[in-house]
Amino acid sequence: VIGSVYNRSEIKENCKMLNPDILIISEGISGKELIPEIVVDLSKQCPNTRVVFLTGSIDFTKEDRRTYFTIMVFAGVYDIIHEDRITDQKILHVLDNPAKKEDVKYLIEKPKSKGSGDFVFVKDHKDDVIEKDYHDNLFTISSIKPGTGKSFISTNIATMIAEYGVKKHNGQRPRVALIEADLQNLSLGTLLQIEDDKYNLKTVMDKIQSIISSDGKVTNDIEKIEMVNKHIKSSFRPYMYCNNLYALVGSQLTLQELENVNAMHYLYLVETITNDYDVVIVDTNSSLTHVTTFPLLNLSKYCYYILNLDFNNIRNNSRYRSFLEKIQIADKVKYILNENITKKMMDNLYIGSEELLFDTEMIKKDFDLVAEIPLIPKTIFLNRIYSGKPISLENSPQTLEARYEIAKIANEIWPVSNFENLKKEFESKNKETKKFFWKK
Ligand SMILES: Nc1ncnc2c1ncn2[C@@H]1O[C@H](COP(=O)(O)OP(=O)(O)OP(=O)(O)O)[C@@H](O)[C@H]1O
Ligand SMILES: [Mg+2]
């Protein structure tokens, strides 16, 4: 034994210093921090440390701490012993026989929906089979650097799918939800001109907090749960230009209010509404602690990471990739290049400017790009913000290339009917300009 601590606040620091092979955490350790959050940080800081977690027995019928365990399992903690009496032999056995992710899948089983899709926790020991641990219709837009275009891209993908998404078998258009995970800035609300004092991310988080305790236990009060779920569902406000797009937008939260929001609250939110929509897009906040974003990434089908031409940002993304591998989400991460400066733009716009030394071709050597969204003239960008209408909904030639690139992403999520048209239009416009330059 190379060290021991008696308070949660000392775990991270000591692990960093001692870099242990194994860390045994008992839930009884005092301290205010949430253990799942500590474990997430550790998975990044000390990726080689194996965590063994000891806790009391879990009564699956009465209390549920699914979110709590989901975060731990996603952070790579599979050795979870939950028994009232934990003997030395039991611990030795676990130490000798490390568990695998499959062994703890039963802890993170998805809640089964009841009728209207209300959130109810059911544990049925008979069907322990889970095919996948993500939602087919959940997609996150993320980046490791703030201000790279997450909100711009997520609103455009969402409006593109809402407006042009092919109809379902029943003839209806897809129902699209857009969730803002930014608790401090008003962003999506401004972009879509949605504002509601009563129904917004803050009131939703307040309500969720009122039913989940700090250790992830959900109240037994079914009536209260139903009321909260109703509030959550009503907080998705329709967008004026597409009535099949609903957005849950932020409102300004103070830092103090933010302190109490944790990953579990987001998980609860996502679980409560994903069944109500065909597509759910989450605009994550890269400046918030990793912990809030982390479980969302795990529950998503694809996580789109936004890159730009900044060499420093690309290098950081390369480094970050090994972490994404460790937490087993690298396979579903897809990269989008935003604010791309193409050769054509250099020729046309920046006469007299320098050749770009670090360009798209170099990025493509290391990253598979699903789309390359061009840099849009500032005036156009600002005007769209002011009008509350994303470029996906327009047909101006100046934004054609950007719309085509956005359609590429949208089409991967839900087939969009305008994709082929945009492609043809873009390709023919490209040919025309080539001819024009040729003649010159
Ligand atoms: N394709 C683009 N063309 C031109 N400007 C762009 C483009 N994408 C983003 N921008 C610029 O970057 C700014 C930030 O975009 P946005 O707010 O979408 O980023 P974000 O990643 O959501 O930021 P935050 O991390 O603050 O939430 C925009 O206001 C705009 O000036
Ligand atoms: Mg944003």
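Read on for a plain summary of the structure. Since the model is a prediction, treat every value here as computed from it, not as a measurement.

1. What about the packing of helix 8 (residues 222-234) against helix 10 (residues 263-273)?
Working step 1: It is at 10 Å that the axes of helix 8 and helix 10 come closest, and there the two elements cross at 80°. Considered as vectors, helix 8 and helix 10 are oriented roughly perpendicular to each other. Contact residues: Ile225, Asn229, Ile232 and Lys233 in helix 8; Tyr268, Leu269, Thr272 and Ile273 in helix 10.
Working step 2: Looking at the contact of helix 8 with helix 10, its residues break down into 5 nonpolar, 2 polar and 1 charged.

2. Structural notes on the site of ligand 1
Working step 1: With respect to spatial proximity, 15 residues lie near ligand 1, and among them Gly147, Lys150, Ser151, Ile376 and Lys378 are the closest.
Working step 2: Starting from 630 Å² of accessible surface for ligand 1 in isolation, the protein chains cover 79%.
Working step 3: When contributions to the shell around ligand 1 are tallied by element, the ones reaching two or more residues are helix 5 (150-164), strand 12 (333-340) and helix 15 (378-387).
Working step 4: No other element matches helix 5, which puts 3 residues into the shell around ligand 1.
Working step 5: Broken down by class, the residue content of the shell around ligand 1 amounts to 6 nonpolar, 5 polar and 4 charged.

3. Some remarks on the environment of Lys233
Working step 1: For Lys233, the position within the fold is in helix 8.
Working step 2: Of the residues examined, Lys233 reaches a relative accessible area of 22% and is grouped as partly exposed.
Working step 3: Of note is the side chain of Lys233, whose polar atom sits 2.8 Å from the side chain of Asp276.

4. With respect to the pairing of strand 6 (residues 138-142)
Working step 1: When you tally the buried positions in strand 6, you get 5 out of 5 residues, the bulk of the element.
Working step 2: The two faces of strand 6 match: Leu138, Thr140 and Ser142 on one face and Phe139 and Ile141 on the other face are all buried.
Working step 3: Summarising the sheet, strand 6 and strand 11 (residues 302-307) pair through 4 bridges and their orientation is parallel. The residue bridging Thr140 from the neighbouring strand is Cys303, located in strand 11.

5. Details of unusual backbone geometry
Working step 1: Phi angles above zero are rare outside glycine, and Gln193 is one such case at about 50°.
Working step 2: Here the phi dihedral of Glu339 falls at roughly 55°; this positive angle occurs in a residue that is not glycine.
Working step 3: Note that Glu339 resides in strand 12.

6. Points about the environment of Ile327
Working step 1: Counting through the fold element by element, Ile327 comes out in the loop between helix 12 (311-326) and strand 12.
Working step 2: Considered as a pair, Ile327 and Asn298 are 29 residues apart in the sequence and their alpha carbons are 8.7 Å apart.

7. Details of the packing of helix 2 (residues 35-45) against helix 3 (residues 66-74)
Working step 1: Two elements in contact, helix 2 and helix 3, have axes separated by 9 Å at closest approach and are oriented at 10°. If you check the angle between helix 2 and helix 3, you find them roughly parallel. At the point where helix 2 passes helix 3, the crossing takes the left-handed sense. Contacts between helix 2 and helix 3 involve Ile35, Pro36, Val39 and Val40 on the former and, on the latter, Tyr68, Ile71 and Met72.
Working step 2: Within the contact of helix 2 with helix 3, the residues separate by chemical class into 7 nonpolar, no polar and no charged.

8. Brief notes about the packing of aromatic side chains
Describing an aromatic ring pair means giving the distance of the ring centres and the angle of the ring planes.
Working step 1: Going through the model one piece at a time under the given rule, you end up with 14 aromatic pairs.
Working step 2: Clustering of aromatic rings is evident, with ring pairs tying together Tyr305, Tyr320, Tyr335 and Phe367.
Working step 3: One residue, Lys334, lies across the ring of Tyr302, its end atom 4.3 Å from the ring centre.
Working step 4: Its end group placed over the ring of Tyr241, Lys389 keeps NZ or CZ at 4.6 Å from the ring centre.

9. Points about helix 16 (residues 400-413)
Working step 1: Compared with the 20 Å implied by 1.5 Å per residue over 14 residues, the 20 Å span of helix 16 between its first and last C-alpha is a close match.
Working step 2: The buried count for helix 16 comes to 10 of 14 residues, which makes it a mostly enclosed element.

10. Some details on the pattern of salt bridges
Working step 1: For the coordinates displayed, the defined rule picks out 15 salt bridges.
Working step 2: The salt bridge involving Lys90 is made with Glu83; its shortest N-O contact spans 3.5 Å.
Working step 3: Residue Arg173 pairs with Glu163 through a salt bridge whose shortest N-O separation is 4.0 Å. Remark: Glu163 occurs in helix 5 and Arg173 occurs in the loop between helix 5 and strand 7 (176-180); sequence separation between them is 10 residues.
Working step 4: Residue classification places Arg173 among the partly exposed positions, given a relative accessible area of 32%.
Working step 5: Linked by salt bridges that have partners in common, Lys12, Glu33 and Asp41 make up one network.

Reading guide: rules and limits
- Residues numbered from 1 in each chain as written.
- Chains lettered and ligands numbered in written order.
- Predicted model: local features only at pLDDT ≥ 70, side-chain atom pairs only at ≥ 80, totals over all residues.
- Heavy atoms only, no water.
- Axes fitted to C-alpha atoms, helices over the stretch in contact; angles between N-to-C directions.
- Helix = DSSP H or I, 4+ residues; strand = E, 2+ residues; numbered from the N terminus.
- Parallel < 35°, antiparallel > 145°, perpendicular 65-115°, else oblique.
- Contact = heavy atoms within 4.5 Å.
- Nonpolar A, V, L, I, M, F, W, Y, C, P; charged D, E, K, R; others polar.
- Near = heavy atom within 4 Å.
- Areas by Shrake-Rupley, 256 points an atom, 1.4 Å probe, with all protein chains shown as cover.
- Buried < 20%, exposed > 50% of the residue type's maximum accessible area, 1.4 Å probe, protein only.
- Polar contact = N/O pair within 3.5 Å; in protein donor to acceptor, adjacent residues only side chain to side chain.
- Pairing = 2+ DSSP bridges.
- Left-handed = near helix turned anticlockwise from the far one by under 90°.
- Phe/Tyr/Trp six-rings, centres within 6.5 Å; stacked < 30°, edge-to-face > 60°.
- Lys NZ or Arg CZ within 6 Å of the ring centre and 35° of its normal.
- Expected span 1.5 Å × (residues − 1).
- Salt bridge = Lys/Arg side-chain N within 4 Å of Asp/Glu carboxyl O.

Function cannot be read off these values alone, since they describe shape.
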